[in-house]
Amino acid sequence: MYHFLVRRILGALVILLIITAVTFFLFFAIPRDPARLACGKICPPETLELVRHNMGIDEPVFLQYWHWLAGIFAGREFTYGHCDAPCLGYSFVNQEPIFDAIVDRFPTTLSLTIGAAVVFLLFGVGTGMIAAARRGRAADKIASSASLVGASMQIYFVGVLATWVLVDRLRVLERPAYHDFTADPFAWAGGLLLPWLVLSIIFTANYTRMTRSSMVEQLSEDYVRTARAKGMSSRTVFLRFAWRGAMGPIITIFGVDLGTLLGGAIITEQTFSLHGIGELSIKAVVNQDLPMLLGVVLVSAAAIVVFNIVVDAAYAVIDPRVRLS
Amino acid sequence: MTTPFLSVRDLTVAFGTEDGVVHAVDGLSFDVEKGTTLGIVGESGSGKSVTNLAILGLHDPAYTKIGGEITLDGRELTRASPREMERLRGNKVAMIFQDPLTSLSPYHTVGRQIGETFRKHTGASRREARDRAIEMLRRVGIPHAASRVDDHPHQFSGGMRQRVMIAMALVCDPDLLIADEPTTALDVTVQAQILDLLKELQDQSGTAIIMVTHDLGVVARTAHEVLVMYAGRAIERGAVREVLGTPRHPYTWGLLSSMPKLRSPVDVPLVPVRGTPPSLINVPPGCPFHPRCDYTELAGPGLCRGERPELAPHRGHGDACYLTPAQKRTIFTEQIKDKL
Ligand SMILES: Nc1ncnc2c1ncn2[C@@H]1O[C@H](COP(=O)(O)OP(=O)(O)OP(=O)(O)O)[C@@H](O)[C@H]1O
Ligand SMILES: [Mg+2]
């Protein structure tokens, strides 16, 4: 396990290095000049030159990348001030260090992700299990059709509709907003309840379908038949045998989904005006804010890579045939 | 006449499918006595596994209709409650499946898989179950049982896995052991070892065994009685020596001739019985074997096509064919015998 982790983490670092480098060079392939944008409408050549220098984009690209990398470990000095390590650069658009901006936004995204994940995992897997246990019967048919409908929903549509009905008209839910968890957990949960539910709809539907099909497949496996043939109760057969086998694919997808969501649920954040990583990344693209873009790309990529490792480790725990080497 | 230990009477198993009702077993009767082995042979799809799963009550009642009677030690099983069947399975009746790799759970240690059966039926503690598992592994001849008990099935070879499977099946000293092609997935030397092991265990405990196989060699080696199945029915039955020595049904002749001979080169293709088994959905009237039979004219015009021949209900060597006993004897001695 130890060797596995070391190897995978080293691998992950290489991947992150490649991803940020590619982002960096791709950005410079775009024939637009961020200094021009920053400089404003009337911009004499010498001012532009100065802005370029201050932003650090008058140097060769690979040198810039090097500075960016070094900054993560050593911090950086800008004309605008000092940027402590880990320094992911400075946003000239937002006038703040990237790291601070991300630290500021991350709790919102994390809260949104965790809450939604709990909801869709519980409901999705739960419904899928019930459907599998009652396959072919009414409960299964209802669950299957409902999940088909759910899977074809669009977040922005459901989100706007739900806000209008539940918040504006019926007033049963609070208007979505982020409140600090440590200050007031109830306000935190209240403000995120609607986004959690809406974001969960599509996921719940997918997890229902996935769990059902995975369980049905396992239930026809030989070893499950053996378990029944030796007198295990149908409950034991279902939970201890079939579910054990069905878990693998679900965990894989769950890891991917968590990683993706932590990189920012862009549409959900936009729909509910939440200020998370997703919003940050949209702004970074719109403003051509390279340092910010790099920052959010790094966060998203890191989240996905980390959950990949977690999933693989979980696999080894579930299935003794999987060897971590 | 005492009642037999296991008695199956007029068993029918029908599955509701999208294409129609599949009559997988259709009026099957047989007995098995304690301490004896019944071999069941027949082509693929003849209903061998379906019969065994019916004895264990493992068919999904949602789309399976079971008729007839299965009596084990005086208890009727087709109408037993799910709970009763649960208590019976793995306890009084145990089953060994064909492929030990897929039939054992890859997620649990063999000790746990053996032990949990024991715990379920005896209420033993975890410790006792573990000790029992080790004892069983030892009994089926797994070396270093005490240390291998915590291994997973994938860490064993095919033959060892099947031994684990047998250990699991026998952990509660069942009265009836159903072995559904227990050696098909194994190579020949291992096959022989497993069959010897089963025989030895039977001698020790007096278990009744149903041995399902494609392989008449396995039957000759292990069984006392044999039942030849075709399209969900028994078409010949009797003591092994009689059925294999003087077979009476044309289908059995075909089966026997299709057996690979010991002395023939290994890669001589198996000559299967001409034609294919009938559809089990719209079963035609008459003898189910008549479309493939070479002797329908001999039996008398229209007879084979008209009504289904019944297997004589008495015990001993019997078959379901319209040929007269004299005809069968003549055909067998003149045309079949030398080919075997
Ligand atoms: N659950 C089921 N639903 C529908 N049809 C089934 C089902 N189980 C078995 N059958 C059909 O019943 C017939 C008998 O199957 P069975 O498995 O008993 O054959 P078998 O004699 O064991 O063959 P093999 O030697 O290949 O194991 C086959 O035609 C099969 O397709
Ligand atoms: Mg079979």
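An unreviewed UniProt entry lists chain B under the name Peptide/nickel transport system ATP-binding protein, with Thermocatellispora tengchongensis as the source organism. Per UniProt, chain B has the following entry under Subcellular location (unreviewed entry): "Cell membrane".

Per an unreviewed UniProt entry, the recorded name for chain A is Peptide/nickel transport system permease protein, and the organism is Thermocatellispora tengchongensis. In its Sequence similarities (unreviewed entry) section, the UniProt entry covering chain A states "Belongs to the binding-protein-dependent transport system permease family." The Subcellular location (unreviewed entry) comment attached to chain A in UniProt states, word for word, "Cell membrane".

Chemist: Describe helix α14 (residues 325–336) of chain B, and please don't skip the residues or the numbers.
Modeler: Residue and element names in this part refer to chain B. Of the residues making up α14, those classed as buried are K328, I331, F332 and I336. Looking down the long axis of α14, one finds its buried residues gathered within 100 degrees of arc, a one-sided arrangement. Seen from the open side of α14, the exposed residues pointing more than 90 degrees away from its buried face are R329 and E334. Structurally, α14 contributes buried residues whose contacts are with α10 (240–245), α11 (250–258), α12 (296–299) and β11 (318–319).

Chemist: How would you explain the site of ligand 1 if you had to name every residue and give the values?
Modeler: Residue and element names in this part refer to chain B. What surrounds ligand 1 is a group of 15 residues, the closest being S44, G45, K48, S49 and H214. For ligand 1, an oxygen atom lies 2.8 Å from a polar atom in the side chain of K48. Contacts to ligand 1 include V50, whose backbone N or O atom sits 2.9 Å from an oxygen atom. Computed on the free molecule, ligand 1 has an accessible area of 640 Å², of which 67% lies beneath the protein chains in the complex. Across the shell around ligand 1, the residue classes break down as five nonpolar, seven polar and three charged.

Chemist: Account for the environment of B:D338, naming residues and giving values.
Modeler: You can see B:D338 is positioned in the segment after α14. A sequence separation of 81 residues divides B:D338 from B:S257, and the C-alpha atoms of the two residues are 9.6 Å apart.

Chemist: Requested: an account of a nonpolar patch on the surface, with residues and values cited.
Modeler: All names here are of chain A. On the surface, M1, Y2, L5, V6, I9, L10, L13 and V317 cluster together into a nonpolar patch covering about 820 Å² of accessible area. Among the elements that line the nonpolar patch, the one with the most residues is helix α1 (residues 2–29), at six residues. Counting through the fold element by element, V6 comes out in helix α1.

Chemist: So what's going on with the sheet that holds strand β2 (residues 20–32) of chain B? Which residues, and what values?
Modeler: Across a sheet, paired strands are connected by hydrogen bonds in the backbone, their directions being either parallel or antiparallel. Residues and elements named next belong to chain B. The four strands lie next to each other as β2-β1-β4-β5, forming an open sheet whose pairing is antiparallel. In this open sheet, the two edge strands, each paired with only one partner strand, are β2 and β5 (75–76). Across two bridges, strand β4 (residues 64–72) lies against β5 in antiparallel orientation. Considered in β5, the bridge of T71 is made with E76.

Chemist: Describe the nonpolar core, with residues and values.
Modeler: Ranked by size, the top nonpolar core spans 107 residues in total, and within it B:L6, B:F30, B:I114, B:L137, B:I166, B:L176 and B:I210 carry the most contacts. Leave out the neighbours within four places in its chain, and B:I114 touches B:A133, B:M136, B:L137, B:V164, B:A167, B:M168 and B:V171. A:A116, A:V125, A:V224 and A:A265 belong to the second-largest nonpolar core, a separate cluster that totals 44 residues.

Chemist: Lay out the packing of helix α12 (residues 277–286) of chain A against helix α13 (residues 290–318) of chain A with the relevant residues and their values.
Modeler: Residue and element names in this part refer to chain A. Between α12 and α13, the least distance of the axes is 8 Å, while the angle of their chain directions is 145 degrees. Relative to α13, α12 is oriented so that their crossing is left-handed. For the pair formed by α12 and α13, the contact residues are I277, L280, S281, A284 and V285 on the first element and M292, L293 and V296 on the second. For the contact of α12 with α13, the class distribution of residues is seven nonpolar, one polar and no charged.

Chemist: Describe the packing of aromatic side chains, naming the residues involved and giving the relevant values.
Modeler: The description of an aromatic ring pair rests on the distance of the ring centres and on the angle between the ring planes. All names here are of chain B. Enumeration according to the criterion identifies 17 aromatic pairs over all chains in this entry. Centre to centre, the rings of Y230 and Y251 are 4.6 Å apart; their planes meet at 55 degrees, and the pair counts as tilted. Taken as a pair, Y230 in strand β9 (residues 225–230) and Y251 in helix α11 lie far apart in primary sequence, 21 residues in all. Both residues of the pair, Y230 and Y251, count as buried. Ring centres of Y230 and F289 lie 5.2 Å apart, and the angle between their planes is 85 degrees; on these two criteria the pair is classed as edge-to-face. Of this pair, Y230 sits in strand β9 while F289 sits in the loop between α11 and α12; the two residues are 59 residues apart in sequence, bridging distant segments of the chain. Comparing Y230 with F289, the two get one shared label, buried.

Chemist: Which residues make up empty space enclosed by the protein, and what values do they have?
Modeler: Residues and elements named next belong to chain B. On inspection of all chains with the given rule, the structure shows six cavities of 30 Å³ or more. Taken as a whole, the largest cavity spans an internal volume of roughly 60 Å³. Lining of the largest cavity is provided by H249, P250, C287, F289, H290, C293, Y295, C304, P309, C321, Y322 and L323.

Chemist: So what's going on with the UniProt feature "transmembrane region" (unreviewed entry) in chain A? Which residues, and what values?
Modeler: Under the UniProt annotation, the feature "transmembrane region" (unreviewed entry) is placed at residues 9–30, 110–133, 145–166, 186–205, 241–267 and 293–318 of chain A. Here residues 293–318 of chain A is 100% helix and 0% strand, with 37 Å between the C-alpha atoms at its ends.

Chemist: Lay out the interface of chain B and chain A with the relevant residues and their values.
Modeler: The interface of chain B with chain A comprises 26 residues on the first partner and 20 residues on the second. When the two sides are added together, the surface that chain B and chain A hide from each other amounts to roughly 2100 Å², 57% of it contributed by carbon and sulfur. Among the residues of chain B in contact with chain A, B:L58, B:Y107 and B:E116 are the three that bury the most area, contributing 30% of the side total. Inspection of the region where chain B meets chain A yields two salt bridges. Residues A:R240 and B:E116 are paired through a salt bridge, measuring 2.4 Å at the closest nitrogen-oxygen approach. With six residues, the top contributor of residues to the side of chain B that touches chain A is helix α4 (residues 110–122) of chain B. Each residue belonging to the side of chain B that touches chain A can be placed in one class, and the counts come to 11 nonpolar, 10 polar and five charged.

Reading the values: the criteria
- Residues numbered from 1 in each chain as written.
- Chains lettered and ligands numbered in written order.
- Predicted model: local features only at pLDDT ≥ 70, side-chain atom pairs only at ≥ 80, totals over all residues.
- Heavy atoms only, no water.
- UniProt positions renumbered as here; feature names shortened; annotations may be inferred.
- Buried < 20%, exposed > 50% of the residue type's maximum accessible area, 1.4 Å probe, protein only.
- Helix = DSSP H or I, 4+ residues; strand = E, 2+ residues; numbered from the N terminus.
- Arc of directions from axis to C-beta.
- Contact = heavy atoms within 4.5 Å.
- Near = heavy atom within 4 Å.
- Polar contact = N/O pair within 3.5 Å; in protein donor to acceptor, adjacent residues only side chain to side chain.
- Areas by Shrake-Rupley, 256 points an atom, 1.4 Å probe, with all protein chains shown as cover.
- Nonpolar A, V, L, I, M, F, W, Y, C, P; charged D, E, K, R; others polar.
- Patch = residues over 30% accessible without salt bridge, like charges linked within 9 Å, V, L, I, M, F, W, Y side chains within 5 Å.
- Salt bridge = Lys/Arg side-chain N within 4 Å of Asp/Glu carboxyl O.
- Pairing = 2+ DSSP bridges.
- Core = buried A, V, L, I, M, F, W, Y, C linked by side-chain atoms within 4.5 Å.
- Axes fitted to C-alpha atoms, helices over the stretch in contact; angles between N-to-C directions.
- Left-handed = near helix turned anticlockwise from the far one by under 90°.
- Phe/Tyr/Trp six-rings, centres within 6.5 Å; stacked < 30°, edge-to-face > 60°.
- 1 Å grid on protein atoms, 1.4 Å probe; cavity = no way out; pocket = protein on both sides within 12 Å on 5 of 7 lines; lining within 4 Å.
- Points joined across faces, edges and corners; volume = space filled by probe spheres on them.
- Buried area = accessible area lost by both parts, 1.4 Å probe.

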